[in-house]
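Spelled out, the chains give:
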Amino acid sequence: MVNDSHEDTYRAADDRRFAEFDRRDFLKASGVAGAAGLTGFAGCMGGGGDDTLTFGAIHLLSGFAAVYGESAQLGYEMAREEINENGGIDGSEIGEIVYRDSEGDGPTGVEAARSLVQEENVDGLLGLDSSGVALSVAPVIEQLQTPFMITHAATPFATATEGENAVGNDYVFRDGVNLAQNVYGSAVTASDTDATTWTTIGPNYAFGTQTWDYFKAFTQGMDLGYEYLDDATAYPELGASDFTPYINKVLNADPDGVITSLWGGDLITFINQAKNSNFFERIDNVLMTVGAATDVLRPMGNNMPDGLQAGTRYWFDAPDTEANNTFVENFRDRNDGRYPSYNAQNAYTALYLYKNAIEGAGSTNADDIIDQWDGMQYNAPVGEFTINSQSNQAVLPAVWGTTSYSEERGITLLDPVERIDAPADELRSLLEGTDLPAGV
Amino acid sequence: MALPIQEILTGLSLGSRYFLVAIGLSLIFGVLGVLNFAHGALYMIGAYVSLTVVQNVTGSFWVGLVAAGLAVGLLGAIIEMGLIRRVYDRDELDQLILTFALVLIITDLTRTVWGSGNQTMATPELLASNVQFLGTSYPAYRLFVIVVGFAAMGVFWYAIQRTYLGRLVRATSSDRDMAALLGVNVPRLYTGVFFVGSFLAGIGGALAAPMQAFTPALGDQVIINAFVIVVIGGLGSFTGAFVGAMFIGLLQSFGVLVATGVGQLLPFLAMILVLIFRPEGLFGGEGQ
């Protein structure tokens, strides 16, 4: 959880420090010192002269969701090796990716970002698995003036600059589907059902409550005439061992449809306990916003119920492009046949976005990298996308499909799977009059 | 009418799971005077041992359950003989640091052996269905967990109050030196108590495995509730551990109906109230 008073203290300390001597001044000073032969480290700050590049990644590497950080590491390391085997970035090898554990905690994430920039002198930052951590880290990135490509955390507020709670700034970008894009896909999916009364069960923090807020806003904007059972919403704590009290609460309200933003182990526990309570027989329409995550589907085996609507931020079977098929094949070769998660794909793509930007600019200067990212088009495994120069967000379709276990492939698939375009102007128009930023 | 019964059964099933962890924690503190922070990690090992035995060795949940209890009990005994025994006379902080170090070591070893990913285990076939109970349909496995929790309480009460071994345990926990002078082999008794506490943690972990996804962080999630329960019930009191566990289970079950997040908050509020008005816990200081 983010501790606001700590945050204020950190920000105040940063304000003072940077008011006196910002990073630009520091770089200039070290450049002068380097030229005079007094220091040799200016090159590894991105100024040239050193033939390795260093990146820093902040992820959940411990605790109940450590698997998400480990999935990202698989993506980074695969990209790093590929890039180095093919001549590196503008002739420079990627020497090391320095990993730091956010522990799912805002102040810890902030400290990690500061340490990576100020102590490890990284050329760029990557990562973040939690919306709560992203909201704490994003404002500090502006002070550190280092590019940050968010690969997982989905809250639109982390990249958005409009709205009073938005913390986006010039240095923070995202290469994955954000929450607004994902939930827009859920609203489109919901509109194809005959359900009219809806409620939610989601994790008890920003991601869970925002999913419900955006779902209501989109479906209201679409004039679907839904009734929202706010009294029956259920927000269990992260890592709860028993969801049955929450399942009972939702069942007692007898909704036609339930949208759940539970993820990771919580989603597995929920599904298993919901099956015991005949939840899926009693609720005709269940939408799982990140249910099609391989980190969930792999351990679930054939226990995942068929016929549920599940969303994801990347699906290994779509799109059917050379970029995606090659990525999936190589990833499976390296990882005992397992399919890449959205976290692995987003991490893999993020490192290539750095490569493109540094080579495009001919420099590792932070401002040059972010200039390159503004409006950049890139053909990633997830599909071809543009980074919106207004929001720093990749404009990507939401992926939704129907769960169906495949004996042959040993994992639940989305069949059929649909890539639902989520155009920025459509999202903004539907959210007009609310205090929710589209962030695209 | 179905809902309150569902909530009561859910609360009792939660309470029974908590009890199996809290009882070991409380027993080890009550007899040995050690606040074993690694107790949650032992519970987590129980889940993994059970999973491995079921998936890779026998395919039988019941064998996995017993194996988990025995393996974790043995691990606990080794830890007691090799490490804990050396800090009995040291400051409580030293004991806490030692057992916390054990948490980190056990967690990292678990991650190395089994990985960080979520693990799941199927409900045993015999208990995989729902049964009609008090006019409601309820998972048979959860009823089984409730039965195990109540049975453990019954066995403990009988063993401590009515058997010779129970008298030895009570005597040693009251005055270790006097017990030793009277010929009680205190080190062996302590190892035995640590074995039993760890055995119960292992059984608790194995019983939890079919009910939830678990990772090497399982112990961290469990130990907090266990501490809340033993504080409410009274450190060292197994009656307190039982009442505290059922109370917390029911609070969490019914709290959800009151307001969002309250189900998690109420146990801590209850603990604060107990600490203010009865710092020794509801059943603390009663010698059991």
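Keep in mind that what you see is a predicted model, and the values were worked out from it rather than measured.

Undergrad: Any chance you could explain the overall build of chain B here in plain terms?
TA: When helices and strands are tallied, chain B shows 11 helices and two strands. Each helix and strand of chain B, placed in order from N terminus to C terminus, yields the pattern α-α-α-α-β-β-α-α-α-α-α-α-α. Over its C-alpha trace chain B gives a radius of gyration of 19 Å, about what one expects of a compact globule, namely 19 Å for 288 residues. Projected onto its principal axes, the C-alpha positions of chain B cover 60 × 45 × 35 Å. The buried share among the 288 residues of chain B stands at 55%. Sequence separation of 24 or more characterises 76% of the internal contacts of chain B that already satisfy a separation of 6 or more. Summed over its atoms, the accessible surface of chain B is roughly 12100 Å², and 69% of this surface lies on carbon and sulfur atoms. When the 12 basic and 13 acidic side-chain charges of chain B are each reduced to a single mean position, those positions are 7 Å apart.

Undergrad: Just to check I follow, could you spell out the pattern of salt bridges for this structure?
TA: A pair can form between side chains of opposite charge whenever their charged atoms are brought close. For the structure on display, the rule yields 14 salt bridges over all chains. Between E280 of chain B and R278 of chain B there is a salt bridge, with its nearest N and O atoms 3.3 Å apart. On the accessibility criterion, R278 of chain B (30% relative accessible area) is partly exposed. When salt bridges with common partners are traced through the structure, they connect D242 of chain A together with R17 and R142 of chain B into a single cluster.

Undergrad: Looking at this structure, I do not really get the interface of chain B and chain A. What am I missing?
TA: By a widespread convention, an interface's size corresponds to the accessible area lost as its parts come together. At the junction of the two partners, chain B supplies 29 residues and chain A supplies 30 residues. Carbon and sulfur atoms supply 48% of the area that chain B and chain A bury against each other, a total of about 2500 Å² over both sides. Its largest share of buried area at the contact with chain A, chain B owes to N118, V256 and T260 of chain B, together 22% of the area lost on that side. Joining chain B to chain A, the criterion identifies two salt bridges. With a shortest N-O distance of 2.7 Å, R142 of chain B and D242 of chain A are connected by a salt bridge. Applying the counting criterion to the chain B and chain A interface returns nine residue pairs in polar contact (both at pLDDT 80 or more). Here the side of chain B that touches chain A takes eight residues from helix α1 (residues 2-32) of chain B, the largest share from any one element. Within the side of chain B that touches chain A, the residues separate by chemical class into nine nonpolar, 16 polar and four charged.

Undergrad: Is there a simple way to explain the packing of helix α3 (residues 61-82) of chain B against helix α8 (residues 186-208) of chain B in this structure?
TA: Packed helix pairs are specified by the crossing angle of their axes together with the interaxial distance, meaning the distance between the axes. All names here are of chain B. Running from N to C, α3 and α8 point in directions that differ by 145°, and their axes come no closer than 7 Å. By crossing handedness, the relation of α3 to α8 is classed as right-handed. Note on element contacts: α8 touches α3 through Y190, T191, F194, F195, S198, F199, G202, I203, A206 and L207, opposite F61, L65, A68, G69, L70, V72, G73, L74, G76, A77, E80 and M81. Looking at side-chain class alone, the contact of α3 with α8 contains 15 nonpolar, six polar and one charged residues.

Undergrad: Would you mind showing me how to read the UniProt feature "transmembrane region" (unreviewed entry) in chain B here?
TA: Per the UniProt record, the feature "transmembrane region" (unreviewed entry) sits at residues 18-49, 61-84, 96-114, 140-160, 189-210, 222-247 and 254-277 of chain B. Helix makes up 91% of residues 189-210 of chain B and strand makes up 0%, while its end C-alpha atoms are separated by 33 Å.

Undergrad: Help me out: how do you make sense of the confidence of the model for chain B in this one?
TA: Fine structural detail should not be taken from predicted coordinates in areas where pLDDT scores are low. Here chain B averages 91 in pLDDT, while 97% of its residues score no lower than 70. Across the interface, the model reports ipTM at 0.86; the global pTM reads 0.86.

Undergrad: Explain the nonpolar core here, please?
TA: Nonpolar side chains in soluble globular proteins tend to be buried together. All names here are of chain A. Counting 145 residues, the largest nonpolar core has F55, F218, F270, F279 and W373 as the members making the most contacts within it. Ranked by residue count, the leading element in this core is helix α13 (residues 342-361), at 11 residues. Aside from chain neighbours lying at most four places away, what touches F218 is A180, V183, Y184, A187, L427, L430 and L431.

Undergrad: Explanation requested: unusual backbone geometry in the structure shown.
TA: Both trends apply: most residues other than glycine have a negative phi, and most peptide bonds are in trans. Residues and elements named next belong to chain A. Each neighbour pair has its own omega, and for A318 with P319 the value is 5°, a cis peptide bond. Residue position: P319 is located in the loop between β10 (309-312) and α12 (322-334). Following D415, the chain continues to P416 via a peptide bond in cis, the omega torsion being 0°. Among the secondary structure elements, P416 is positioned in strand β15 (residues 411-420). Its identity as a non-glycine residue notwithstanding, Q145 has a phi of 50°, on the positive side. Note that Q145 resides in the loop between α5 (131-144) and β4 (148-150). At N392, a position not held by glycine, the phi torsion is positive, near 60°.

What counts and how
- Residues numbered from 1 in each chain as written.
- Chains lettered and ligands numbered in written order.
- Predicted model: local features only at pLDDT ≥ 70, side-chain atom pairs only at ≥ 80, totals over all residues.
- Heavy atoms only, no water.
- Helix = DSSP H or I, 4+ residues; strand = E, 2+ residues; numbered from the N terminus.
- Rg over C-alpha atoms; globule rule 2.2 N^0.38 Å.
- Buried < 20%, exposed > 50% of the residue type's maximum accessible area, 1.4 Å probe, protein only.
- Contact = heavy atoms within 4.5 Å.
- Areas by Shrake-Rupley, 256 points an atom, 1.4 Å probe, with all protein chains shown as cover.
- Lys, Arg positive; Asp, Glu negative; His and termini not counted.
- Charge placed at Lys NZ, Arg CZ, Asp CG, Glu CD.
- Salt bridge = Lys/Arg side-chain N within 4 Å of Asp/Glu carboxyl O.
- Buried area = accessible area lost by both parts, 1.4 Å probe.
- Polar contact = N/O pair within 3.5 Å; in protein donor to acceptor, adjacent residues only side chain to side chain.
- Nonpolar A, V, L, I, M, F, W, Y, C, P; charged D, E, K, R; others polar.
- Axes fitted to C-alpha atoms, helices over the stretch in contact; angles between N-to-C directions.
- Left-handed = near helix turned anticlockwise from the far one by under 90°.
- UniProt positions renumbered as here; feature names shortened; annotations may be inferred.
- pLDDT = per-residue confidence, 0-100.
- Core = buried A, V, L, I, M, F, W, Y, C linked by side-chain atoms within 4.5 Å.

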